[in-house]
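# Analysis of the macromolecular model
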Amino acid sequence: MKTVRLKIKRRESENAPSYWEEFEVPYRPAMNVIACLMVIQKNPVNAQGQPTTPVAFESNCLEEVCGSCSMVINGKARQACSALIDNLKQPITLEPMDKFKVIRDLYIDRQAFFDALRKVKAWVDIDGSQELGQGPRYSRQVQELRYDISRCMTCGVCGQVCPNYSSNTKFIGPHVAPQVVSFNLHPNGAFNKEERLEALMDEGGIFECGNSQNCVTSCPKEIPLRQSIAQVKSEVTWSGIKSLFTK
């Protein structure tokens, strides 16, 4: 019987040491990494035939939309649901994204990514204006840009590949720049534009980005990160200069 061999980096708890464990699961056509992990979860026996604990991981949508199954597969940060076994070299190595707090095995805590979005107010306040009827029209260019940015699933891949981002640094992360651009373009969101820019002036702000552009080449949704980071850096600079003469 054809099998799939996996080598998984495991950890029993947040502070426990990590170790590698190998597994073999029966092959099926069109299998993805999540399918393999579900087989192991159902029958937790390693490649040596020894009973072990089920591998902890996270998944939800299974169609590369939620970003929850992000992990490092054969050395590349990506989503496990879209990683097809037929396209991967075996043994397939699975590791957690270590730029985030690892809770157990492949299960990580992405809370820092969401906290960063909260810091820059990546939303539009509901102030009652939505009940006044149709709002201002967008240009087609703004519509297309905001749509491209809206495809971000906060998967964490851009943070994993960024040399300036980790749980030990204060860099807010590359993913916030497109969201700042998007919500500053929104007619109601624009009211909080200066607050967003001020948040990016703080320690760990947008100028902690070293322009490696690893995020650009690794983003699974091809979010316009390069353009967004450049635009936000320019706007933050001018906002800082303007504040010198208005305070």
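These numbers come from a predicted model, not from an experiment. (Residues numbered from 1 in each chain as written. Predicted model: local features only at pLDDT ≥ 70, side-chain atom pairs only at ≥ 80, totals over all residues. Heavy atoms only, no water.)

## Details of empty space enclosed by the protein
- Applying the stated rule across the entire model yields one cavity of 30 Å³ or more.
- Volume-wise, the largest cavity comes out at about 130 Å³.
- When contributions to the lining of the largest cavity are tallied by element, the ones reaching two or more residues are α4 (157-161) and α5 (176-185).
- Grouping the constituent residues of the lining of the largest cavity by class yields eleven nonpolar, four polar and two charged. (1 Å grid on protein atoms, 1.4 Å probe; cavity = no way out; pocket = protein on both sides within 12 Å on 5 of 7 lines; lining within 4 Å. Points joined across faces, edges and corners; volume = space filled by probe spheres on them. Helix = DSSP H or I, 4+ residues; strand = E, 2+ residues; numbered from the N terminus. Nonpolar A, V, L, I, M, F, W, Y, C, P; charged D, E, K, R; others polar.)

## Notes on the pairing of strand β4 (residues 76-79)
- The two faces of β4 differ: Ala77 and Gln79 on one face are buried, but Lys76 and Arg78 on the other face are not.
- Bridge count between strand β3 (residues 70-73) and β4: four bridges; the pairing is antiparallel. Note on β4: the bridge partner recorded for Val72 is Ala77.
- The antiparallel hairpin formed by β3 and β4 contains two residues in its connecting segment, where Asn74 sits at a positive phi of about 50 degrees. (Buried < 20%, exposed > 50% of the residue type's maximum accessible area, 1.4 Å probe, protein only. Pairing = 2+ DSSP bridges.)

## Quick notes on the layout of surface pockets
- By volume, the largest pocket amounts to about 290 Å³.
- Around the largest pocket, the lining comprises 20 residues; the ones closest to its centre are Ala112, Tyr165, Ser166, Thr169 and Phe171.
- When grouped by side-chain class, the residues that make up the lining of the largest pocket number six nonpolar, six polar and eight charged.
- Both domains that furnish three or more residues to the lining of the largest pocket are identified here as domain 1 (3-109) and domain 2 (111-246). (Domains from an automatic or database assignment.)

## Here we look at the domain arrangement of the chain
- Domain annotation of the chain identifies domain 1 (3-109) and domain 2 (111-246).
- The straight-line distance from the C-alpha centre of domain 1 to that of domain 2 is 31 Å.
- In this complex, domain 1 contributes 14 residues to the contact, which on the side of domain 2 involves 16 residues.
- Summed over both partners, the interface of domain 1 with domain 2 buries about 1,200 Å², with 52% contributed by carbon and sulfur atoms.
- Together, Glu64, Lys99 and Phe100 form the three largest contributors to the area buried by domain 1 at its contact with domain 2, with a combined 47%.
- Residue Glu64 is joined to Lys221 by a salt bridge in which the shortest nitrogen-to-oxygen separation is 3.9 Å.
- Applying the counting rule to domain 1 against domain 2 returns eight residue pairs in polar contact (both at pLDDT 80 or more).
- Those elements that provide at least two residues to the side of domain 1 that touches domain 2 are β3 and β4.
- For the side of domain 1 that touches domain 2, the element with the most residues is β4, which contributes three residues.
- The class makeup of the residues in the side of domain 1 that touches domain 2 is six nonpolar, three polar and five charged. (Contact = heavy atoms within 4.5 Å. Buried area = accessible area lost by both parts, 1.4 Å probe. Salt bridge = Lys/Arg side-chain N within 4 Å of Asp/Glu carboxyl O. Polar contact = N/O pair within 3.5 Å; in protein donor to acceptor, adjacent residues only side chain to side chain.)

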